[in-house]
Amino acid sequence: LSTYTQKGFWELIAVSIIGYALSLVVLSKVSKASEVSKVSMAKHVLTLFMLELMLITVFSYHKLGFLQYLFGFNDQRLLSTAGVTLIAMTCLLSIVRIWKKLSAERLFAIQLWSLLGVTILFNVMNLDLFIAKHNPISYYVNKKKYTDYSYLLGNSYDNHADWVRLMNQAL
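Just so it is clear, the structure is predicted and the values come from calculations on it, not from any experiment.

S.K.: Which residues make up the pattern of salt bridges, and what values go with them?
M.R.: All chains considered together, the criterion is met by two salt bridges. Of the charged contacts in the structure, one is a salt bridge between R165 and D162, with a shortest N-O distance of 2.4 Å.

Set out below in structure tokens:
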């Protein structure tokens, strides 16, 4: 499941980059076009394309959520969730931009501030402590779930505030 989710995440990244670049090219061509029917058709097709990209993000959320539900949080899973959220937000903002309610500069500013906000949040927030307290990474043996204490106690020093509780649980 983890490999499947990772593969899907990287496919989403690739498709999103290609799709976003394609949408920028089409939008630049549409803004120069003069025939109203062609412009309208291009906007509708581009909107459908962005909605399809958003649907792909929904599938990624589903896989990530299922993986986190079964095996708990880890840094990579939480960062991937933030990445998928930023991609979904970009697709949604692109749809708004297609219909001329948002300038390219404003869209870029929102993307930049959102990325900066997520970066600051993950740097200020003690991610490893959050993971240890809320949904620690686990594994299964004979269909029985076990907390992965070796990961939690050896991952980093950031969750040291929870080590006593984790060690007592492990005992």
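S.K.: Now, about the pairing of strand β2 (residues 144-147): what can you tell me, with residues and values included?
M.R.: Bridge count for strand β1 (residues 138-141) against β2 is four bridges, and the pairing is antiparallel. Bridge assignment links S138 to a residue of β2, and that residue is T147. Taken together, β1 and the strand that follows it, β2, pair antiparallel across an intervening segment of two residues, in which N142 is found at a positive phi of about 50°.

S.K.: I'd love a proper account of the nonpolar core, names of residues and values included.
M.R.: Generally speaking, nonpolar side chains in soluble globular proteins are found buried as a group. Residues F9, L12, L27, L46, M50, L53, L64, V84, I87, C91, I95 and I98 constitute the largest nonpolar core, which totals 12 residues. It is helix α3 (residues 75-98) that contributes the most residues to this core, five residues altogether. Setting aside residues up to four positions removed in sequence, V84 forms contacts with F9, L12, T57, S60, Y61 and L64. Core analysis: the next-biggest nonpolar cluster, separate from the first, contains 11 residues, L78, I131, A132 and Y149 among them.

S.K.: Would you mind going over the packing of aromatic side chains in detail, with residue names and values included?
M.R.: Under the definition given, this model contains five aromatic pairs. Where F71 meets Y140, the ring centres are 5.4 Å apart and the plane angle is 90°; that geometry is what we call edge-to-face. Of this pair, F71 sits in helix α2 (residues 36-71) while Y140 is found in strand β1, placing the two residues 69 residues apart along the sequence. Residue classification places Y140 among the partly exposed positions, given a relative accessible area of 35%. Arranged with centres 5.4 Å apart and planes meeting at 85°, the rings of Y157 and W163 form a pair that is edge-to-face.

S.K.: Please set out helix α1 (residues 2-32) residue by residue, giving values where relevant.
M.R.: Since one α-helical turn is 3.6 residues long, residues separated by three or four positions face the same way. Here α1 is 31 residues long and its end C-alpha atoms lie 45 Å apart, about the 45 Å a rise of 1.5 Å per residue gives. Looking only at α1, the buried set comprises T5, G8, F9, L12, S16, G19, S23, L27 and V30. Those residues of α1 that are buried lie in contact with α2 and α3.

S.K.: Got a sec to walk through the environment of L70? Specific residues and values, please.
M.R.: Tracing the chain through its elements places L70 in helix α2. Between the C-alpha atom of L70 and that of L1, which follows or precedes it by 69 residues, the distance is 9.7 Å. Residue contacts for L70: discarding those within four places in its chain leaves L1, S138, Y140 and K145.

S.K.: Which residues make up the environment of A104, and what values do they have?
M.R.: Within the secondary structure, A104 is located in helix α4 (residues 104-124). Overall, the relative accessible area of 34% leaves A104 in the partly exposed class. When the C-alpha atoms of A104 and L93 are compared, they prove to be 9.9 Å apart, with 11 residues separating the residues in sequence.

S.K.: Kindly report on the packing of α3 against α4, identifying the contributing residues and their values.
M.R.: It is the contact of α3 with α4, at a shortest axis distance of 11 Å, that shows an interaxial angle of 165°. The pairing of α3 with α4 is recorded here as roughly antiparallel in orientation. In this structure, the crossing between α3 and α4 has a hand that is right-handed. Touching L78, L79, A82, L86, M89, T90, L93, S94 and R97 of α3 are A104, L107, I110, Q111, S114, L115, V118 and F122, all from α4.

S.K.: Residue-level account of unusual backbone geometry, with values.
M.R.: Phi at N142 takes a positive value of approximately 50°, unusual for a residue other than glycine. Within the secondary structure, N142 is located in the loop between β1 and β2. For N142, a relative accessible area of 76% gives the class exposed. Here K143, not a glycine, exhibits a phi torsion of approximately 65°, which is positive. Classification of K143 as exposed rests on a relative accessible area of 83%.

Procedures and definitions
Residues numbered from 1 in each chain as written. Predicted model: local features only at pLDDT ≥ 70, side-chain atom pairs only at ≥ 80, totals over all residues. Heavy atoms only, no water. Salt bridge = Lys/Arg side-chain N within 4 Å of Asp/Glu carboxyl O. Pairing = 2+ DSSP bridges. Helix = DSSP H or I, 4+ residues; strand = E, 2+ residues; numbered from the N terminus. Core = buried A, V, L, I, M, F, W, Y, C linked by side-chain atoms within 4.5 Å. Buried < 20%, exposed > 50% of the residue type's maximum accessible area, 1.4 Å probe, protein only. Contact = heavy atoms within 4.5 Å. Phe/Tyr/Trp six-rings, centres within 6.5 Å; stacked < 30°, edge-to-face > 60°. Expected span 1.5 Å × (residues − 1). Axes fitted to C-alpha atoms, helices over the stretch in contact; angles between N-to-C directions. Parallel < 35°, antiparallel > 145°, perpendicular 65-115°, else oblique. Left-handed = near helix turned anticlockwise from the far one by under 90°.

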